[in-house]
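Survey of secondary and tertiary structure
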Amino acid sequence: MSEHFDVHGGARLVGEVDVVGAKNSVLKLMAAALLAEGTTTITNCPQILDVPLMGDVLRSVGCEVVIEGDTATITTPAELSHRADSAAMGKLRASVCVLGPLVGRLKQAVVALPGGDAIGSRPLDMHQNGLRKLGATSTIEHGCVVAKAETLVGAQIWLDFPSVGATENILMAAVLAEGTTVIDNAAREPEIADICTMLTEMGAKIEGAGTSTLTVHGVEKLHPTTHSVIGDRIVGATWAFAASMTRGDITVRGVNPHHLDLVLNKLELAGADVTTFDDKGFRVVQPERPKAVDWVTLPYPGFATDLQPFAVALSAVSEGTSMITENVYEARFRFIEEMVRLSGDARTDGHHAVVRGVEKLSSAPVWASDIRAGAGLVLAGLCADGVTEVWDVFHIDRGYPHFVENLNRLGANIKRVAGDPERK
């Protein structure tokens, strides 16, 4: 049975909200548990659909996985299967991150091509090229990535683009390779630093975490650990945009505000008052209608492509005209088609979008194409007259724990409703 959210417009969001572990980190940390025999415990896990899905992926190669509340316990056996081809692989993009650990530990892997959000092509060329540099063969056969090596030897690896997924897979293969691997133009996201921290706790030798050059000195063996996931900066930013869009006052706790410096600075330009609390959280107060600002998506520390739908939604209700430039995923502008349903004034030209703000949006049925687009449509619905129906909300459930409950505690009026949509 399909579900949708009924979002009543006109709410001003006020209060406090806690952010838990990062979706974009926890799934990779779970995969890293494959590198060491024994029991690894990951705490501060978000209670989202993707965590049990990743648990299914790990079970498919022989792990025991227990998920209770915000804790995932992963027991990795001495004898792992090198085939990760469970049905869960097709449901989340991050499932491909088991490739690196399996090749690193077993010197072979057959990993089903992943699924996930519909935001454009995300090829695995850099993942495969990195493994080849380490001495593995890698091909695509029958819908799977097939990799094999007699031995893995450290190498100098240059990434054409600072891909998060490629950086993670190469990193997790390199920690058990012979010799030293240098990954240049590596991704710099906080989630990369988080996985480097966990791998170091497991006995890996990694230099340069958080920079564009990672140096990995291979070791013979890793051991299990207990690790707490960093706070989810994308969820934290979602609440920051929610405050600005609804002219609200929201305090966000559990996320490092310095991971969101650019976002918070931009919201200040839009007229918000922003206060940060060391590395623990921040407060966003929007006293009046936001002013239009321009946004450009870039790899970290630039503006995250995951947040582009919120930039569009904020621009749609701001005073003035905004230019949004998408440099990472070409299909992210699908979101704009749904914003137009809500009477947003937006036009696209290639990887640019021009959005002219309106005083108030108009409610309509809309459909989420990915996690962040779904959340962005909910926030837009809060700024529309009447009741907006947001469909395909399973996407939102993959990235936001207790989303409806948190919104209602902040003063929104949102209900989850079962039923089949009739597209209009």
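Conventions we followed
Residues numbered from 1 in each chain as written. Predicted model: local features only at pLDDT ≥ 70, side-chain atom pairs only at ≥ 80, totals over all residues. Heavy atoms only, no water. Pairing = 2+ DSSP bridges. Helix = DSSP H or I, 4+ residues; strand = E, 2+ residues; numbered from the N terminus. Axes fitted to C-alpha atoms, helices over the stretch in contact; angles between N-to-C directions. Contact = heavy atoms within 4.5 Å. UniProt positions renumbered as here; feature names shortened; annotations may be inferred. Buried < 20%, exposed > 50% of the residue type's maximum accessible area, 1.4 Å probe, protein only.

**Concerning the sheet that holds strand β17 (residues 281-285)**
- Spatially, four strands are ordered β2-β15-β17-β16 in an open sheet, and the strand pairing comes out mixed. The strands lining the two open edges of the sheet, one partner per strand, are β2 (14-18) and β16 (273-277). Sheet twist, expressed as the mean angle between neighbouring strand axes with direction ignored, is 10 degrees.
- The pairing of strand β15 (residues 249-253) with β17 spans five bridges and is antiparallel. Bridging from a neighbouring strand, Ile250 pairs with Val284 of β17.
- Here helix α7 (residues 233-245) sits on the sheet and contacts β2, β15 and β17; the angle it forms with β15, its principal contact strand, is near 170 degrees.

**Observations regarding the UniProt feature "binding site: phosphoenolpyruvate" (unreviewed entry) in the protein**
- According to UniProt, the positions carrying the feature "binding site: phosphoenolpyruvate" (unreviewed entry) are Lys23 and Asn24.
- With relative accessibility at 10%, the residue Lys23 sits in the buried group.
- Apart from residues no more than four positions distant in its own chain, Lys23 is found in contact with Pro46, Ile48, Asp50, Asp232, Ile371, Arg372, Arg398 and Gly399.
- Inspection of the secondary structure assignment puts Asn24 in helix α1 (residues 23-32).
- Residue Asn24 is classed as partly exposed on the basis of its relative accessible area of 21%.

**Looking at the sheet that holds strand β1 (residues 3-8)**
- Strand order in the open sheet made by the four strands is β23-β25-β1-β26, with mixed pairing throughout. This sheet does not close on itself; its edge strands, each paired only once, are β23 (365-367) and β26 (413-418). The mean inter-strand angle of the sheet, taken between neighbouring strand axes irrespective of direction, is 25 degrees.
- Summarising the sheet, β23 and strand β25 (residues 387-391) pair through three bridges and their orientation is parallel. Considered in β25, the bridge of Pro365 is made with Glu389.
- Its contacts with the sheet place helix α11 (residues 371-382) against β1, β23, β25 and β26, and it is angled at close to 30 degrees to β1.

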